[in-house]
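Listed below are the residues making up each chain.
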Amino acid sequence: QVQLVESGGGSVQAGGSLRLSCAASGIVFRVWTMGWYRQAPGKQRELVAAITSGGEISDADSVKARFTISRDNGNNMVYLQMNSLKPEDTAVYYCAAASSLSTISDPRFWGQGTQVTVSS
């Protein structure tokens, strides 16, 4: 049974930081491309950042230089360090797993999501 469990969400003021974590189980973690998506109220889910098994990173223009994705293959964890948070970053953040960067737009597995709220 595959599980992706996010943690680390919460409420923060604009300019603050949060670190999201995703613990994966039930998959051979090191071979999967991992991603973070977010969905704000009334908006479509969007890909924030992804990291391949080899450490190649792809991230959205809206978060470049502010968010950093990383992974720990030894502990089956993927992280999203979020700095200089803005109110528009408010969303539910989801961890996702795909076979490659080319398929990260249609992940095979999803976590349940964690809420991030940024106040001005």
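The rules behind each value
- Throughout this description, residue numbers start from 1 for each chain and increase along the sequence as written.
- In view of the model being predicted, local features appear only for residues whose pLDDT reaches at least 70, and side-chain atom pairs are presented and counted only at 80 or more, with totals across whole chains, interfaces and linings using the full set of residues.
- Side-chain calculation: all heavy atoms of the structure are included, whereas hydrogens and water are not.
- Counted as salt bridges are all cases of a side-chain nitrogen of Lys or Arg within 4 Å of a carboxyl oxygen of Asp or Glu.
- Exposure classes here rest on a 1.4 Å probe applied to the protein chains alone. A residue is buried below 20% of its type maximum, exposed above 50%, and partly exposed in between.
- Going along the chain from the N terminus, every DSSP run of H or I of four or more residues is numbered as a helix, and every run of E of two or more is numbered as a strand.
- Polar contacts, as counted here, are pairs of nitrogen or oxygen atoms within 3.5 Å of one another; within protein the pair requires one atom able to donate a hydrogen and one able to accept it, and residues that are adjacent in sequence qualify only if both atoms are side-chain atoms.
- Whether two residues touch is decided by their heavy atoms; if any such pair falls within 4.5 Å, the residues are in contact.
- A pair of strands counts as paired when DSSP detects no fewer than two bridges linking them.
- Lines fitted to C-alpha atoms define the axes here, with helix axes fitted over just the stretch in contact, and angles between the N-to-C directions of these axes take values from 0 to 180 degrees.

Peer 1: Even after reading the chapter, I still don't get the pattern of salt bridges, so can you show me in this structure?
Peer 2: Two side chains carrying opposite charge are able to pair once their charged atoms lie near each other. Using the criterion set out here, one finds four salt bridges in the structure. In this structure, Glu-46 engages Arg-38 in a salt bridge whose closest nitrogen and oxygen atoms are separated by 2.6 Å. Residue class for Glu-46 comes out partly exposed when judged on its relative accessible area of 33%. Exposure remark for Arg-38: the relative accessible area of 6% places this residue in the buried category. In this structure, Arg-66 and Asp-89 form a salt bridge, with 2.7 Å as the shortest nitrogen-oxygen distance. Pair noted here: Arg-66 is in the loop between strand E6 (57-59) and strand E7 (67-72) and Asp-89 is in the loop between strand E8 (77-82) and strand E9 (91-98), with a separation of 23 residues, a long-range link.

Peer 1: Would you explain the side chain of Arg-38 in this entry?
Peer 2: Tracing the backbone through its elements, the reader meets Arg-38 in strand E4 (residues 33-39). Here Glu-46 takes part through its side chain, which lies 2.6 Å from a polar atom of the side chain of Arg-38. A distance of 3.0 Å separates the side chain of Arg-38 from the side chain of Tyr-93, its partner in a polar contact. Arg-38 has contacts with Gln-44, Arg-45, Glu-46, Val-48, Ser-62, Val-63, Phe-67, Glu-88, Asp-89, Ala-91, Val-92 and Tyr-93, leaving out every residue within four places of it along the chain.

Peer 1: Which parts of the structure should I look at to understand the sheet that holds strand E1 (residues 3-7)?
Peer 2: Within a sheet, adjacent strands bond to each other through the backbone by hydrogen bonds, running parallel or antiparallel. In spatial order, the strands read E1-E3-E8-E7; together these four strands make up an open sheet with antiparallel pairing. What marks the edges here is a single partner per strand, and that holds for E1 and E7. Strand-to-strand twist in this sheet, taken as the mean axis angle between neighbours without regard to direction, amounts to 15°. Judged from the six bridges that link them, strand E3 (residues 18-25) and E8 form a sheet pairing that is antiparallel. Residue pairing in the sheet places Leu-18 in a bridge with Met-82 of E8.

Everything listed is a geometric property; what it means functionally is a separate question.
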